[in-house]
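Architecture and fold: a report
If you want the building blocks of each chain, they are given just below.
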Amino acid sequence: MPETFTPFTDAHADALRAIVGAEQVSTRQADLDLHNRDQSRHPMGNAQAVVWPLTAQHVADVLRYCNTHHIPVTPWGVGTSLEANPLARFGGVSLAFERMNRILEVHADDFQVTVEPGIGHKDLNAQLARYGLFFPPDPGANATVGGMLANNAAGIRTVKYGASKDNVLKMQVALADGRLISVGSRSIKQSSGYDLLHLFVGSEGTLGVITQATLKLVPVPSLMSAVIASFPSVQAAIEAVVAVRGSGLDPAALEFIDAKQSALLRDHTGVDLEESPTLLMEFHAVLPAALEYGLEQVRQICTELGATRLKTTTDNAERAKLWSVRHHAYETLVRLHPGYTFLIDDVAVPISQYPALIGYVEQVVEQHGVRAYMKGHAGDGNIHCEFPYKDAEELKRAEYINDLIVTKAIELGGTATGEHGVGTGKAHHMPHEHGEALEVMRALKATLDPHGILNPGKIFPR
Ligand SMILES: Cc1cc2nc3c(=O)[nH]c(=O)nc-3n(C[C@H](O)[C@H](O)[C@H](O)COP(=O)(O)OP(=O)(O)OC[C@H]3O[C@@H](n4cnc5c(N)ncnc54)[C@H](O)[C@@H]3O)c2cc1C
């Protein structure tokens with residue numbers, strides 16, 4: 001894939017200003033700094049100009065220009081990625097979507113909404129509340145819809161509602177050569193031709209740029225409950241995960257937190273947790289009796305598996321506080337480790353292999369004497385191991401263990417990344433995970449982006 005590009009000059013910046021308007025292009029250092037960072041440990045990017053398109057046509061025209069002049073273009077949502085996904089590795093343009101953030105149409109009777117890609121999913125849900133509807137994928141941070149679709153983001157609600165890919169019906173995509181195409185349709189059932197919609201989802205801005213998306217919505221549940229269950233061992237907690245999934249109870253969230261992190265959250269947020277492997281769950285129902293029946297089943301499962309403590313609540317404020325603590329668990333960790341940076345792992349396996357994966361993580365962490373915290377979307381077989389480090393040596397060790405964990409996850413029939421995407425951080429695992437299929441991916445990339453201008457340096461190992 002070509003990795004030599006035309007050096008970006010003032011003349012290119014002026015040409016882009018002529019396309020999108022002077023206010024929509026910046027080469028100021030402060031703007032570059034903001035768009036050359038994500039939330040990861042990876043080195044900063046090298047974008048030389050930030051361009052804020054206002055319309056799909058702007059996106060298409062910028063791409064056409066950059067394709068003709070061999071200038072790299074890296075889409076940027078709001079930079080909450082954890083694997084350097086939106087960082088411009090080869091300079092050129094950071095195509096930032098902060099100014100394309102409108103709801104275009106709510107199709108309330110179809111449970112759908114059409115949006116521009118720069119809208120934050122939390123902002124979207126705040127505006128949808130008046131319709132009693134919401135877009136369920138929830139990665140915690142106020143990620144943009146474009147960034148979520150491009151990374152196929154998931155989160156705590158995936159166990160019930162699926163990942164981003166399961167909640168999109170149709171997109172408008174700008175191709176590298178400036179063509180604007182429509183993929184998918186607003187019909188729930190689609191069986192027409194190649195599934196281009198899902199080719200672009202998860203492609204991290206390397207195949208095309210999303211300029212519009214029609215998303216599936218679901219009704220805001222009328223009744224919700226939360227459960228906190230503490231267990232004497234990680235294995236018991238994980239057995240409970242498998243049992244709850246197997247019972248057909250359909251949890252709306254099923255999260256695991258290890259003992260160390262549980263204690264830390266208890267001590268610093270006041271939420272009622274124990275220093276034990278802990279499961280946080282949520283259930284939705286339409287009738288109070290159904291909610292209570294489900295809770296009784298969960299109590300039985302957890303008690304049989306030796307839960308040392310079990311707390312259930314249907315109080316909305318208490319439930320909201322619990323999930324807010326879970327969502328901010330990473331920020332809490334960071335605050336409590338001043339001077340440290342975190343490497344965050346993200347692997348996923350079939351649920352039957354989850355106990356083996358967690359057992360392996362515990363074993364390598366202990367064997368190598370490193371500090372690590374574990375939490376994960378257990379209901380989906382997804383775990384995040386978080387390694388604090390403060391110098392190059394500690395980082396090297398964390399990266400080594402991270403590689404062992406990823407290799408193990410792939411061997412267990414899983415994947416190098418459940419939801420954060422490949423970026424640059426997981427690229428070296430792609431041959432192991434995909435084998436010959438990686439060559440098919442390269443061929444697709446070469447077809448759609450022959451000059452390699454779209455987010456170069458991502459997904460494929462160099
Ligand atoms: C504390 C914390 C917790 C997190 N928890 C989760 C979690 O639970 N689940 C989860 O899935 N993720 C999680 N993430 C990761 C992150 O929030 C997601 O990957 C999210 O999808 C990134 O969205 P963004 O808007 O920030 O996009 P960016 O980070 O700006 O970009 C992401 C990718 O999308 C591309 N892109 C952006 N816009 C477009 C577009 N319009 N067209 C084509 N490509 C585009 C970029 O080039 C890049 O490759 C977490 C991150 C943090 C910091």
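Because the structure is a prediction, the values reported are computed rather than measured.

This part takes up the sheet that holds strand 2 (residues 49-51). If you trace the 4 strands from one edge of the open sheet to the other, you get 1-2-4-3, paired in mixed fashion. Of all the strands in the sheet, the pair left with one neighbour each is strand 1 (25-26) and strand 3 (73-76). Sheet analysis places strand 3 next to strand 4 (residues 93-96), joined by 4 bridges and oriented parallel. Across the sheet, the residue bridging to T74 is S94, located in strand 4. Relative to strand 4, helix 3 (residues 56-69) is tilted by about 170°, and along the sheet it contacts strand 2, strand 3 and strand 4.

Domain boundaries in the protein define domain 1 (10-98), domain 2 (103-219), domain 3 (223-331) and domain 4 (337-440). Centre-to-centre separation of domain 1 and domain 4, based on C-alpha positions: 30 Å. Of the residues lining the interface, 9 residues belong to domain 1; the matching set on domain 4 comes to 11 residues. Of the residues belonging to the side of domain 1 that touches domain 4, the class tally is 2 nonpolar, 4 polar and 3 charged.

Moving on: the packing of helix 13 (residues 354-367) against helix 14 (residues 392-411). Working note: a packed helix pair is described by the angle between its axes plus the distance between those axes. Relative to each other, helix 13 and helix 14 sit at 160°, their axes nearing to 10 Å. Put simply, helix 13 runs roughly antiparallel to helix 14. Along this stretch, helix 13 crosses helix 14, giving a crossing that reads as right-handed. Contacts between helix 13 and helix 14 involve L357, Y360, V361, V364 and V365 on the former and, on the latter, I401, L404, I405, K408 and A409.

This next bit is on the environment of G45. Relative to the helices and strands, G45 is located in the loop between helix 2 (29-35) and strand 2. Residue classification places G45 among the buried residues on the basis of 25 C-beta atoms within 10 Å. Separated by 29 residues in sequence, G45 and T74 place their C-alpha atoms 10.0 Å apart. Excluding residues within four positions of it along the chain, G45 makes contact with N36, L87, A88 and R89.

Let's shift gears to the site of the ligand. Inspection of the region around the ligand gives 36 residues, with G77, G146, G147, A150 and G205 positioned closest. Elements supplying a minimum of two residues to the shell around the ligand: strand 3, helix 5 (145-151) and strand 10 (209-216). Take the shell around the ligand: its biggest share by element is 5 residues, from helix 5. Residues that form the shell around the ligand fall into these classes: 17 nonpolar, 16 polar and 3 charged. No fewer than three residues from each of domain 1 (10-98) and domain 2 (103-219) sit in the shell around the ligand.

Time to look at the nonpolar core. Counting residues in each nonpolar core, the largest one holds 61 residues, and the members touching the most others are A240, V241, L279 and M281. Taken domain by domain, this core gets at least three of its residues from each of domain 3 (223-331) and domain 4 (337-440). Filtering out sequence-adjacent residues up to four positions away, L279 remains in contact with A229, A237, A240, V241, L254, E255, F256 and A378. Of all hydrophobic cores here, the second largest spans 59 residues; its members include A96, A150, A176 and L215.

Glancing now at the pairing of strand 10. Among the 8 residues in strand 10, 8 count as buried, and that is most of the element. Judged from the 4 bridges that link them, strand 6 (residues 112-115) and strand 10 form a sheet pairing that is antiparallel. Following the sheet pairing, V113 is matched in strand 10 by L215. One ladder, built from 6 bridges, connects strand 8 (residues 168-174) with strand 10; its direction is antiparallel. Residue K170 lies in a different strand from strand 10, and its bridge partner there is T214.

Let us now look at helix 10 (residues 288-304). Counted at 1.5 Å a residue, the expected span for helix 10 with its 17 residues is 24 Å, and the 24 Å between its end C-alpha atoms agrees. Residues of helix 10 that are buried: L291, G294, L295, V298, I301 and C302. Buried residues of helix 10, seen end-on, are gathered within an arc of 125° and therefore sit on one face of the element. Opposite the buried face of helix 10, by more than 90 degrees, sit the exposed residues A289, Y293, E296, Q300, T303 and E304. Buried positions along helix 10 lie against strand 12 (223-230), helix 8 (234-246), strand 14 (278-285) and strand 15 (309-313). Positive backbone phi, at 85°, marks G306, one or two positions downstream of helix 10.

Thresholds, definitions, all that
- Residues numbered from 1 in each chain as written.
- Predicted model: local features only at pLDDT ≥ 70, side-chain atom pairs only at ≥ 80, totals over all residues.
- Pairing = 2+ DSSP bridges.
- Helix = DSSP H or I, 4+ residues; strand = E, 2+ residues; numbered from the N terminus.
- Contact = placed C-beta atoms within 7 Å.
- Axes fitted to C-alpha atoms, helices over the stretch in contact; angles between N-to-C directions.
- Domains from an automatic or database assignment.
- Nonpolar A, V, L, I, M, F, W, Y, C, P; charged D, E, K, R; others polar.
- Parallel < 35°, antiparallel > 145°, perpendicular 65-115°, else oblique.
- Left-handed = near helix turned anticlockwise from the far one by under 90°.
- Buried ≥ 20, exposed ≤ 12 C-beta atoms within 10 Å, placed from the backbone.
- Near = placed C-beta within 6 Å.
- Core = buried A, V, L, I, M, F, W, Y, C linked by C-beta atoms within 7 Å.
- Expected span 1.5 Å × (residues − 1).
- Arc of directions from axis to C-beta.

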